[in-house]
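# Examining the three-dimensional arrangement
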Amino acid sequence: LFISLSAPLLLSGCFNQPVYRQSQEPLRSAATVDLQRYLGKWYEIYRLPNRFEGDDCLTVTADYGLLQNNQVSVLNTCIRADKLQQAHGKAKIVEGSGNAQLKVTFFWPFYGDYWVVDVASDYSWSIVSEPAGRYLWVLARNKTIPKELEDQLLKKVESLGYKRSDLIKPENSR
């Protein structure tokens with residue numbers, strides 16, 4: 001069942017979510033993220049399997065907005081053939097992370113890691129994960145991306161220690 005793009009991160013200790021990342025190198029977040037440019041709507045292009053997003057999500061989006069105290073609002077949406085499901089949350093920026101690491105909650109007081117691992121210079125795509133390697137999303141500003149860019153992003157994901165064969169591609173990005 002889909003709860004949200006980020007809820008799996010916050011509940012990672014609650015379920016037996018497998019570790020997909022196969023690398024001895026610690027995962028690193030991007031050095032900095034321009035929060036103003038990162039805000040807005042993102043479409044899910046790929047994800048790792050998780051208990052919160054079903055295979056029947058045809059289009060998956062995440063909308064980020066700025067709240068008071070430099071916190072971020074999160075609205076995640078799964079559009080299925082028969083209904084729309086949404087989850088509301090908020091995130092706080094991890095101090096000293098250059099805005100690349102956030103703590104996200106959909107069920108206060110529980111927070112999970114949301115790390116922007118890589119982001120395009122024009123903020124047209126982003127790769128999001130968390131330090132344990134259990135979750136990963138490839139996001140873009142558009143529902144679909146050109147094949148050449150898709151191949152480049154999949155190579156980046158592989159260089160981080162993830163397998164292409166583990167990824168799920170929602171309907172909107174086909």
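A few points on the structure. (Residues numbered from 1 in each chain as written. Predicted model: local features only at pLDDT ≥ 70, side-chain atom pairs only at ≥ 80, totals over all residues. Heavy atoms only, no water.)

## Focus on the environment of His-88
Position of His-88 relative to the elements: it lies in strand 4 (residues 84-93). With relative accessibility at 57%, the residue His-88 sits in the exposed group. Sequence separation between His-88 and Gln-24 is 64 residues; the distance between their C-alpha atoms is 34 Å. Every residue in contact with His-88, bar those within four places of it in the chain, is listed here: Val-74, Leu-75 and Phe-106. (Helix = DSSP H or I, 4+ residues; strand = E, 2+ residues; numbered from the N terminus. Buried < 20%, exposed > 50% of the residue type's maximum accessible area, 1.4 Å probe, protein only. Contact = heavy atoms within 4.5 Å.)

## Quick look at the pattern of salt bridges
Enumeration according to the criterion identifies 8 salt bridges in this entry. Measuring nitrogen to oxygen at the nearest pair gives 2.7 Å for the salt bridge that ties Asp-113 to Lys-103. You can see Asp-113 sitting in strand 6 (residues 110-119) and its partner Lys-103 sitting in strand 5 (residues 101-107), a full 10 residues away along the chain. Here Lys-103 falls in the partly exposed class, since its relative accessible area comes to 30%. A salt bridge links Glu-150 to Lys-169; the nearest nitrogen and oxygen atoms lie 2.9 Å apart. With Glu-150 in helix 3 (residues 147-159) and Lys-169 in the segment after helix 3, the pair connects residues that are 19 residues apart, well separated along the chain. Neither Glu-150 nor Lys-169 differs from the other in exposure class; each is buried. In this structure, a network of salt bridges that share partners links the residues Glu-44, Arg-47 and Glu-53. (Salt bridge = Lys/Arg side-chain N within 4 Å of Asp/Glu carboxyl O.)

## Observations concerning unusual backbone geometry
Note that the residue after Trp-108, namely Pro-109, is joined by a cis bond; omega there is 15 degrees. Topologically, Pro-109 is positioned in the loop between strand 5 and strand 6. Here Asn-99, not a glycine, exhibits a phi torsion of approximately 70 degrees, which is positive. With respect to the helices and strands, the residue Asn-99 is situated in the loop between strand 4 and strand 5.

## Things to note about the side chain of Glu-150
Residue classification places Glu-150 among the buried positions, given a relative accessible area of 6%. Separated by 2.9 Å, the side chains of Glu-150 and Lys-169 make a polar contact. Not counting residues within four places of it along the chain, the set of residues in contact with Glu-150 comprises Tyr-46, Ile-145 and Lys-169. (Polar contact = N/O pair within 3.5 Å; in protein donor to acceptor, adjacent residues only side chain to side chain.)

## Focus: the environment of Leu-67
Relative to the helices and strands, Leu-67 is located in the loop between strand 2 (59-66) and strand 3 (71-79). Those residues within four positions of Leu-67 in sequence are excluded, and the remaining contacts are Val-72, Ser-73 and Lys-90.

## Considering the environment of Ser-159
As for its position among the elements, Ser-159 is in helix 3. It is 9.1 Å that separates the C-alpha atoms of Ser-159 and Ser-23, two residues lying 136 residues apart in sequence. From its side chain, Ser-159 meets the backbone oxygen of Lys-156 in a polar contact 2.6 Å long.

## With respect to the packing of aromatic side chains
Counted by the stated rule, this structure contains 4 aromatic pairs. Here Tyr-64 and Tyr-114 contribute two aromatic rings whose centre-to-centre distance is 5.9 Å and whose plane-to-plane angle is 70 degrees, an arrangement assigned as edge-to-face. Here Tyr-114 lies in strand 6 and Tyr-64 lies in strand 2, a separation of 50 residues in the sequence. Among the aromatic residues, ring-to-ring pairing joins Tyr-38, Trp-42, Tyr-64 and Tyr-114 into one connected group. Of note, Lys-92 hangs over the ring of Tyr-111, and the distance from its end group to the ring centre comes to 4.2 Å. (Phe/Tyr/Trp six-rings, centres within 6.5 Å; stacked < 30°, edge-to-face > 60°. Lys NZ or Arg CZ within 6 Å of the ring centre and 35° of its normal.)

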